[in-house]
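The primary structure of each chain is shown beneath.
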Amino acid sequence: MIFGLVLLVLIVVAVAWVMGMYNGLVGSRNEVKNSWSQIDVQLKRRHDLIPNLVETVKGYMGHERGTLEAVTKARQQAVEVTGSVEDRAKAENALSQTLRSLFAVAEAYPDLKANQNFLALQEELTSTENKISFARQYYNDAVLRLNNRIQMFPSSVIAGMFNFQQEKFFEVEAAEDRQVPQVKF
Amino acid sequence: MWELIRANQRRAATLVVAMAALLFLLGYVLGDALAPGGGVTGLLVAFLLWVVLSLVSYFQGDSIFLALAGARKITKADHPQLINVVEEMTIAAGLPKVPDVYVMDEAAPNAFATGRDPQHAVVAVTAGLLETLERSELQGVIAHELGHVKNRDVLYMMMVGIMLGAIVLLADLGSRVFFFGGGRRRTSSRSDGQGQLLIVIVAVALMILAPIVAQLIYLALSRRREYLADASSALFTRYPEGLASALEKISRASTPLATATRATAPMYIVNPLGVSARGLADITSTHPPTSERIRILRSMAGAGLARYDDAFRTVTGKKGGVVPRSALTAPEQAAATAPAASPAMPAVPVAAAVPAATLAQAQAAAAAPVSAAAGRLERVRQTTDMLWRLNQFIFIPCACGTTLKVPPAYAGQEIACPQCGARHTVQPGAA
């Protein structure tokens with residue numbers, strides 16, 4: 001009788017424990033999904049802002065056709081890319097690069113810098129850029145939490161049983177871009 | 001992060017229970033001292049006082065507070081940069097909803113957050129803050145405020161504050177009854193003998209001590225929350241220097257905040273009433289010394305909670321840290337906050353956030369040193385424009401390049417541009 005009762009309690013505790021682990025894993029996975037959709041929203045917003053920017057800048061920066069075309073092309077590629085997190089990250093990072101050089105070039109055009117429309121767009125794009133990196137920061141933290149749960153004992157056992165997959169980090173840049181830029185005089 | 005919130009809630013519960021015990025003890029002893037056997041009545045009075053205060057502040061607290069501070073809600077059109085920064089930090093903090101943003105028409109730079117939970121959160125800043133701070137500094141301040149929201153500090157301080165209020169009120173009430181209306185009861189109590197006398201002595205002692213003890217608990221808590229919010233700010237922005245230099249600028253501006261009172265002071269990022277000399281100020285202040293907060297932020301060797309805890313211990317020389325242990329020992333936290341040292345995570349979010357966050361500053365710095373002054377001028381102009389708009393001033397762009405800003409009382413009249421003399425009719429409601 002006593003033995004049976006102890007056994008019953010043990011089973012209930014074990015089931016509750018497995019349930020807690022499982023729910024924790026599902027929670028982590030949903031957090032990853034949710035934070036990815038956050039990045040998605042901001043990337044979309046950036047895609048929408050760029051045509052406006054190019055339109056505004058065109059009149060002032062006639063000589064910088066190459067820079068503008070690079071931005072337009074990078075945007076097009078970023079919009080079209082589908083598939084893995086890695087591919088998208090690559091295309092979006094390329095777009096960030098071209099935008100950065102566009103704003104750097106814009107410094108040489110005082111008229112453009114006095115244009116209210118341009119200033120407003122610059123603030124919007126800077127902010128969107130920030131939002132992307134903060135969303136990425138949050139996404140990477142969420143992925144880290146999920147991956148830790150999947151790899152660490154004892155939750156790794158439950159994760160293996162229910163086939164939880166590790167997620168990939170949103171990498172910042174390709175390895176060669178992360179090196180310190182060379183300054184030549 | 002979640003560990004931190006859970007640790008907070010546990011600690012909050014313990015403290016609220018402790019304060020409640022103090023309150024009810026005071027109520028019981030007071031009741032019994034005033035009329036033998038009246039302990040239960042005293043208990044009831046204490047309980048009623050607490051319920052009424054709680055209900056009012058739970059549902060009305062933030063709007064009363066905002067009204068007291070003279071804050072007004074703004075939209076994206078009024079100040080795009082501020083709204084953008086709040087949105088950015090909302091994402092970084094992983095909050096479910098972008099808080100409402102309020103502005104106070106005050107020259108002293110300061111900010112506060114309120115609202116009982118993340119769904120009802122409000123962030124308010126003064127016009128002086130917007131004029132003084134650069135973008136990255138503003139980010140640090142907003143992140144600090146959202147740290148309060150994320151850690152549920154507002155609700156927590158509110159609950160403890162209500163207890164404190166109830167204890168002070170009750171002690172005050174008790175002393176009035178004792179000294180002005182208790183003559184008849186006192187004679188009857190003397191005839192009851194030793195036991196009753198003891199009760200009266202305990203009641204008087206409690207009446208004097210309870211408010212002081214409650215106040216000290218409250219203040220110690222308030223200071224701890226400030227450190228925690230600083231730690232959260234560093235975690236969200238991954239750039240402690242932003243908040244550090246913001247705190248420096250805020251503390252350098254010595255103008256006291258006109259609308260702040262002792263009751264509302266704990267809510268601000270830096271004590272708005274100014275600090276008295278150090279020493280006693282340490283335990284009687286709602287905020288830790290700002291210089292110490294800056295030193296901790298500057299000596300952080302990373303941007304995570306664990307790094308903040310290390311820096312806190314080095315700077316203050318205290319053994320115990322400020323971040324709850326369970327938040328530090330959680331493996332994900334330790335790894336997440338030191339990504340550069342962890343080979344398992346090549347993504348390095350620190351490197352990602354910082355260049356983007358300072359992109360605008362970097363560009364400004366590249367242009368010329370003159371642009372720093374120009375940037376400040378631009379900020380001042382944006383802020384004053386926003387205040388004009390909030391006061392329903394009417395903006396009329398003139399063909400000569402100037403913008404006329406006309407008080408709403410002039411709607412419907414015709415005015416001349418002071419630059420070129422062109423005539424304009426003031427359209428009511430024109431932005």
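Please read all numbers here as calculations on a predicted model, not as lab measurements.

### Some remarks on the confidence of the model for chain A
Summarising the model, chain A shows a mean pLDDT of 82, and 92% of its residues fall at 70 or more. Across chain A, element-level confidence peaks in helix α1 (residues 2-58) of chain A with a mean pLDDT of 87 and bottoms out in helix α4 (residues 110-114) of chain A with 79.

### Here we look at the domain arrangement of chain B
Residues and elements named next belong to chain B. Taken domain by domain, chain B holds domain 1 (1-357) and domain 2 (362-425). The largest share of the area that domain 1 buries against domain 2 comes from R72, D78 and E131, three residues that together contribute 46% of it. In this structure, the connection of domain 1 to domain 2 is made through zero salt bridges. Taken together, the connections running from domain 1 to domain 2 amount to zero residue pairs in polar contact (both at pLDDT 80 or more). Of all the elements in the fold, those that place two or more residues in the side of domain 1 that touches domain 2 are β1 (71-73) and α4 (127-132). The biggest single contributor to the side of domain 1 that touches domain 2 is α4, with four residues.

### Topic: the nonpolar core
Counting residues in each nonpolar core, the largest one holds 74 residues, and the members touching the most others are L82, V103, V141 and I142 of chain B. Counting residues per element, this core draws most heavily on helix α5 (residues 116-151) of chain A, at nine residues. There are two domains that each give this core at least three residues, and those are domain 1 (1-357) and domain 2 (362-425) of chain B. When near neighbours in sequence (up to four residues on either side) are disregarded, V141 of chain B contacts A111, L129, L133, L243, A246, I250 and I269 of chain B. Membership of the second largest hydrophobic core comes to 31 residues, among which are V200, A203, L206 and L219 of chain B.

### A few points about the confidence of the model for chain B
Residue and element names in this part refer to chain B. On average, residues of chain B score 75 in pLDDT, and 75% of them are at 70 or above. Per-element averaging of pLDDT across chain B places helix α15 (residues 349-357) at the bottom with 37 and helix α5 (residues 135-150) at the top with 92. Ignoring residues within four places in sequence, the model shows residues 186-190, a span with pLDDT below 50, making three contacts including any to other chains. Note on residues 329-369: pLDDT is under 50 here. Beyond four places in sequence and across chains, it has 67 contacts. Under the prediction, the complex receives an ipTM of 0.77, its pTM being 0.75.

Calculation notes
- Residues numbered from 1 in each chain as written.
- Chains lettered and ligands numbered in written order.
- Predicted model: local features only at pLDDT ≥ 70, side-chain atom pairs only at ≥ 80, totals over all residues.
- Heavy atoms only, no water.
- pLDDT = per-residue confidence, 0-100.
- Helix = DSSP H or I, 4+ residues; strand = E, 2+ residues; numbered from the N terminus.
- Domains from an automatic or database assignment.
- Buried area = accessible area lost by both parts, 1.4 Å probe.
- Salt bridge = Lys/Arg side-chain N within 4 Å of Asp/Glu carboxyl O.
- Polar contact = N/O pair within 3.5 Å; in protein donor to acceptor, adjacent residues only side chain to side chain.
- Core = buried A, V, L, I, M, F, W, Y, C linked by side-chain atoms within 4.5 Å.
- Buried < 20%, exposed > 50% of the residue type's maximum accessible area, 1.4 Å probe, protein only.
- Contact = heavy atoms within 4.5 Å.

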